[in-house]
Amino acid sequence: MPAIKLFGRKWLAATDDLVYPGLFEIFIRTVWLLLIGTASVRYYQYTWNCRLGGDLVRVYLLGQVAFLVLTMLLMLIIVRQSAKGSIMETQARKYVEPLLTVKILLLLPEISWNILGSIWMFGGRVECSYDHYTITVVQALVLFDWILIGLTIFGLALMFDPLGSMGDKNLDSLAEHSKASHIWLRRFKFLWWMRKDESANETFQHFAGLISSLFRGTDLVPSDVVAGCILLRIRQKRETHELRRLNLLVRPACTTDASVIFSDTPSWMTLETAFHYIKLSTACYGWLFVLYKHLCTGCFHIIQNLTCCSCFRRKRTAINGDNCCYCYLAGVKFLSDVSVDDILYASFKNHLCEIPFCVVVDHKTSSIVIIARGSLSLRDIFTDFAADSDIFECEGLPPGSMAHRSMIIGARVILGQLKENKILEQAFNTYPQYNLVITGHSLGAGVGILLAFLLRPTYPNLKVYAFATPAGLLSRNVARITEEFVLTIGVGDDFVMRLGVDSIENLRTALLIALQACRLPKYRVVLNGLGYMLFGIPERDLSKTWSTCNVITTSSGQSPLLSERDAVRLEENNKYERDITKRRYSKVKLYTGGKILHITRIKPDGKQTEVKSKKERGKDTKYEMRWAQPEEFSELIVMPRMLLDHLPESIEEALETLMEQQSDLPYYFDP
C-alpha cells in the first residue's frame, strides 16, 4: 500500500509485495542457470563438430546465460528494495517502481531471443547428433524457457487492474462510482454459465455496487488485506490483554447445564431437537458432503443409494435438478437416514438467488420439514454477497421492514415452487397432525427464516431451526419478532454470524488503520502470520508490531490512541474515519434473526494441556452455552477458528458433546 504505478496506471500490487515472488523467481532462475550451465560445460566443445549451425547453438546458450544472470541480479536488487520500511513507508521503497519497469522491459528482448532460439533449434538450421551430444537437449531448454516466460506473463496478468487507469480524484463522486461498478459488472459477465439465470443481471449489479463502494479510494491491494487480517488478530489479542490487566474484561455468563439455559423457553427449544435438525440440514448438501466427510469410503456410501437410469423410470418422487443417477438424492438419503418414500419433493437447481431445498416427512418429530441448503457453489457466494437491504413486505410485519435482498428473492423462489407443486397441501392432507418445521445452515438458515415469514400466515405454528445464520439478514424490529419461532445456534468465532455489509465496511476501515499503525515490513507480517497459525502469537509481538501504541481501542472503526508526536499519523487515521460515512453502501444495519444460542469451548487447564497430545485435547473438548443478542455479532473479528466454526460438523459436534455433558451433571433429569 499504496498500489504500484507502472506505465501510467495502478496495479494490484504494492512496492513491498515483491519479496517472496522475487525470491521464488530467483530460485527458479538459479535452477535454470544450473541446467543451462551444465549443458554448456558438457556439450559446448561438441558444438564445433556440428554439421550445420554449431555457432547458433553457442550464441543461444551464451545469450540465455547472460539474460539469466542479468535478471537475477536485478531481482536481487528489487527484493532488497522491496523489503525496506514498514507498510506505509513508501518513500523507503521509491526505487522499486523504476527497477520493476526495467525488469518488465527486459522481458521483451528475452522473448525475442527465445523466438530466435526456437527458429534456430526447430527450423532445421542446426544439425548436431553424436553419441555425446544431441540437439534435443537444447530444444528442451528452449521449451522450458517458454514455460518460465509464461509464468512471468501470468504473474503480470494477476497484477493487472482494469480500474488502474482511473485517477485518484473524485473517487467518491457518483460518476466514478458508476464507472467502477460498470467495470466490476463487466468482469462478472465473463461468468457466462451464470448469465442465463433469471436474477443474474440484478445480482451482478448489486454485487458490483458493493465491491466498488467498499474499495474505491482505499488504494488497498490483495496482500494488504492478508497483512491487515494478521495485524487485526494481533490487535485483538493485545486489546484483550490490556482489558485483563485493567480488570475491565467482562466474560459473559455461560453454563453447561441445559436445564438452566432452557428453563424459560418453549418446549420445542431443546438440544436434542436441535441436534436432530442439524443432521437434516447437513444432509441437504448431498453427495459432495459425503465425499468430504468420508474421504475413503464416500463413493461406496453414494453408490449403494444411487437410483441407476432414473431418467428412464417412472418417477415416484418429485426430483428436480439432479443427474440421471440421482447422486444428490443419494447423499441426502445416506446423511439423513430418511427413506425415499418420505422425501416428498427435492429441488437441486442451483441458480443465482435460487438454492436447493428438500421437503421430507420426519416421523421422529412428527413434522413436515423444509430443508434449505447452505452455500456450496460460486452462485451461492454471489447470492450471499449481493447483500444490500431491501423492503421485505409480508403479512404481520411492520411497514418499512428490511431484509437481505438476495435472500428475499431466494425465499420467494422456494415459496413459488411449493405453491406450484402443492407440496405442503398434499403433505398435510396425508399427515394432518404433523407440524411444519424449516431448517437450514448458513445461507439456508437465512433463506429459511425469510421463508417462514412468508408461510406463517398459512401455518402460524411453524418453527425454524437455523444454524450459523448470517448477520446481515433482518432489520432490528423484524429480528425481535423472529425470537418467537426461530432458534438460531452458532458456535465459537463463526465469521458468517458476524458477516454483513456493515461489518465488512467496518473491517475495511480497521484494516486501513491497522496497516498505518504497523511498524513492521509486510513480508515480516506475512511470515509472522504463518508462525502464528502454527505456534500462536508470542507475547513480545503484541508490542513490537505497532508504532508507539500505548492503548489500542476496542472498536474496529476507531484508530489507536497515539502520542502527541504522532499527530500526522493520527490525522491520517481521522481522515479515514471522516470518509467512512461517504463510503457506506447499506443505509440500514441488518442483524441475525431468532433466539440466539451461542456455544463456546471451555478452555482447558494449562497444566493438563501440556501433558496431553493434540489428539487427546480434541477428544476432551468441552462446551458451554448462553443466550446472546444480535448486537453482539455486529463486528467481524479475526480468529484462528472463524472458518472451522462455521462448518456444519462443528455445530453437530458441539451439540452432541453438550448432550453428553448433561449426563455428567449431578441434577440432570432426562424425561
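Residues numbered from 1 in each chain as written. Predicted model: local features only at pLDDT ≥ 70, side-chain atom pairs only at ≥ 80, totals over all residues. Heavy atoms only, no water.

Named according to an unreviewed UniProt entry, the protein chain is sn-1-specific diacylglycerol lipase originating from Dufourea novaeangliae. Regarding the protein chain, the UniProt comment filed under Cofactor (unreviewed entry) reads as follows: "Ca(2+)". In its Catalytic activity (unreviewed entry) section, UniProt records this for the protein chain: "a 1,2-diacyl-sn-glycerol + H2O = a 2-acylglycerol + a fatty acid + H(+)". (UniProt positions renumbered as here; feature names shortened; annotations may be inferred.)

Peer 1: Describe the overall build of the protein chain, listing the residues and the values that go with them.
Peer 2: Looking only at helices and strands, one finds 25 helices and 13 strands in the protein chain. By residue count, 52% of the 671 residues in the protein chain fall in the buried class. Put simply, of all contacts in the protein chain between residues at least 6 apart along the chain, 75% involve residues at least 24 apart. Approximately 32,600 Å² of the protein chain is accessible, and the part contributed by carbon and sulfur atoms is 59%. (Helix = DSSP H or I, 4+ residues; strand = E, 2+ residues; numbered from the N terminus. Buried < 20%, exposed > 50% of the residue type's maximum accessible area, 1.4 Å probe, protein only. Contact = heavy atoms within 4.5 Å. Areas by Shrake-Rupley, 256 points an atom, 1.4 Å probe, with all protein chains shown as cover.)

Peer 1: Account for a nonpolar patch on the surface, with residues named and values stated.
Peer 2: On the surface, I115, L116, I119, F122, L143 and W146 cluster together to form a nonpolar patch covering roughly 520 Å² of accessible area. Elements represented by at least two residues in the nonpolar patch include exactly α4 (107-122) and α5 (135-159). Sorting elements by how many residues they give to the nonpolar patch places α4 first, with 4 residues. Note on placement: L116 falls in helix α4. Judged by relative accessible area, L116 falls into the partly exposed class, the value being 35%. (Patch = residues over 30% accessible without salt bridge, like charges linked within 9 Å, V, L, I, M, F, W, Y side chains within 5 Å. Salt bridge = Lys/Arg side-chain N within 4 Å of Asp/Glu carboxyl O.)

Peer 1: Break down the UniProt feature "transmembrane region" (unreviewed entry) in the protein chain for me, with residues and values.
Peer 2: If you check UniProt for "transmembrane region" (unreviewed entry), the listed places come out as residues 18-39, 59-79, 100-123, 135-160 and 434-455 in our numbering. Measuring from the first to the last C-alpha atom of residues 135-160 gives 38 Å, for a span that is 96% helix and 0% strand. Helix makes up 59% of residues 434-455 and strand 32%, with an end-to-end C-alpha separation of 16 Å.

Peer 1: Before we move on, could you go through the nonpolar core and cite the residues and values that matter?
Peer 2: Within the largest apolar cluster, 46 residues are counted, with the highest numbers of intra-cluster contacts made by I370, F453 and L455. When contributions to this core are tallied by element, the ones reaching two or more residues are β5 (357-362), β6 (367-372), α15 (405-421), α16 (423-430), β9 (435-441), α17 (443-455), β10 (463-467) and α18 (476-482). When residues in this core are grouped by element, the largest group, 10 residues, is from α17. Filtering out sequence-adjacent residues up to four positions away, I370 remains in contact with F357, C358, V359, L418, L424, L436, V437, I438, T439, L451 and L455. F262, L487, I489 and I651 belong to the second-largest nonpolar core, a separate cluster that totals 40 residues. (Core = buried A, V, L, I, M, F, W, Y, C linked by side-chain atoms within 4.5 Å.)

Peer 1: Got a sec to walk through helix α25 (residues 648-662)? Specific residues and values, please.
Peer 2: With 15 residues, α25 should cover 21 Å at 1.5 Å per step; its first-to-last C-alpha distance of 22 Å lies within 8% of that length. Of the residues making up α25, those classed as buried are P648, S650, I651, E652, A654, L655, T657, L658, Q661 and Q662. (Expected span 1.5 Å × (residues − 1).)

Peer 1: Tell me about the packing of aromatic side chains, and please be specific about residues and values.
Peer 2: With the rule as written, the count across this model stands at 17 aromatic pairs. Ring geometry for F67 against W113: centres 6.5 Å apart, planes inclined by 55°, an arrangement best described as tilted. Residue F67 is located in helix α2 (residues 54-82), and its partner W113 is located in helix α4; the two are separated by 46 residues in the primary sequence. Each residue in the set W268, Y277 and Y465 is aromatic and connected to the rest through ring pairs, giving one cluster. Positioned above the aromatic ring of Y591, the side-chain terminus of R476 is 5.7 Å from the ring centre. Directly above the aromatic system of W627 lies the positively charged group of K595, at a separation of 4.8 Å from the ring centroid. (Phe/Tyr/Trp six-rings, centres within 6.5 Å; stacked < 30°, edge-to-face > 60°. Lys NZ or Arg CZ within 6 Å of the ring centre and 35° of its normal.)

Peer 1: I'd love a proper account of the sheet that holds strand β12 (residues 595-602), names of residues and values included.
Peer 2: The mixed open sheet is built from 9 strands, whose spatial order is β3-β4-β5-β6-β9-β10-β11-β12-β13. Of all strands in the sheet, those with a lone pairing partner are β3 (318-320) and β13 (622-628), marking the two edges. Averaged over all adjacent pairs, the angle separating strand axes in this sheet is 20°, with direction ignored. The sheet contact formed by β3 and strand β4 (residues 343-347) spans 3 bridges and is parallel. Counterpart to A318 in the pairing with β4 is Y345. Set on the sheet, helix α10 (residues 271-283) makes contact with β5, β6, β9, β10, β11 (486-491), β12 and β13; between it and β10 the angle comes to about 70°. Most of the contacts of α25 go to β13, to which it runs at about 100°, and overall it touches β9, β10, β11, β12 and β13. (Pairing = 2+ DSSP bridges. Axes fitted to C-alpha atoms, helices over the stretch in contact; angles between N-to-C directions.)

Peer 1: Before we move on, could you go through the pairing of β6 and cite the residues and values that matter?
Peer 2: Burial analysis of β6 places 6 of its 6 residues in the buried class, which makes it a mostly covered element. Of the two faces of β6, the one holding S367, V369 and I371 and the one holding I368, I370 and A372 are both buried throughout. Relative to β6, β5 runs antiparallel, the two sharing 6 bridges. Counterpart to V359 in the pairing with β6 is I370. Where β5 folds back onto β6 in an antiparallel hairpin, the turn is made up of 4 residues, including S366, whose phi is positive at roughly 55°. The pairing of β6 with β9 spans 6 bridges and is classified as parallel. Note on β9: the bridge partner recorded for V369 is V437.

Peer 1: Break down the environment of V57 for me, with residues and values.
Peer 2: In this structure, V57 sits in helix α2. In this structure V57 comes out as buried when scored by relative accessible area, which is 0%. It is 7.7 Å that separates the C-alpha atoms of V57 and V126, two residues lying 69 residues apart in sequence.

Peer 1: Hey, could you go over the pattern of salt bridges for me, with residue numbers and the actual values?
Peer 2: This model, assessed by the stated rule, comprises 20 salt bridges. For the salt bridge of D16 with K522, the shortest nitrogen-to-oxygen distance reads 3.1 Å. Linking D16 in the loop between β2 (9-14) and α1 (19-43) with K522 in helix α20 (residues 522-535), this pair joins segments that are 506 residues apart in sequence. For D16, a relative accessible area of 3% translates into the label buried. Among the residues examined, K522 registers a relative accessible area of 3% and is labelled buried. One salt bridge in this structure joins R245 and E242, with 2.9 Å as the shortest N-O distance. With a gap of 3 residues between them, R245 and E242 both fall in helix α8 (residues 222-245), about one helical turn apart.

Peer 1: Give a detailed account of unusual backbone geometry, specifying residues and quantitative values.
Peer 2: Phi is positive for Y326, close to 55°, though the residue is something other than glycine. For D337, which is not a glycine, the phi torsion comes out positive at approximately 60°. In this structure, D337 sits in the loop between α13 (327-336) and β4.

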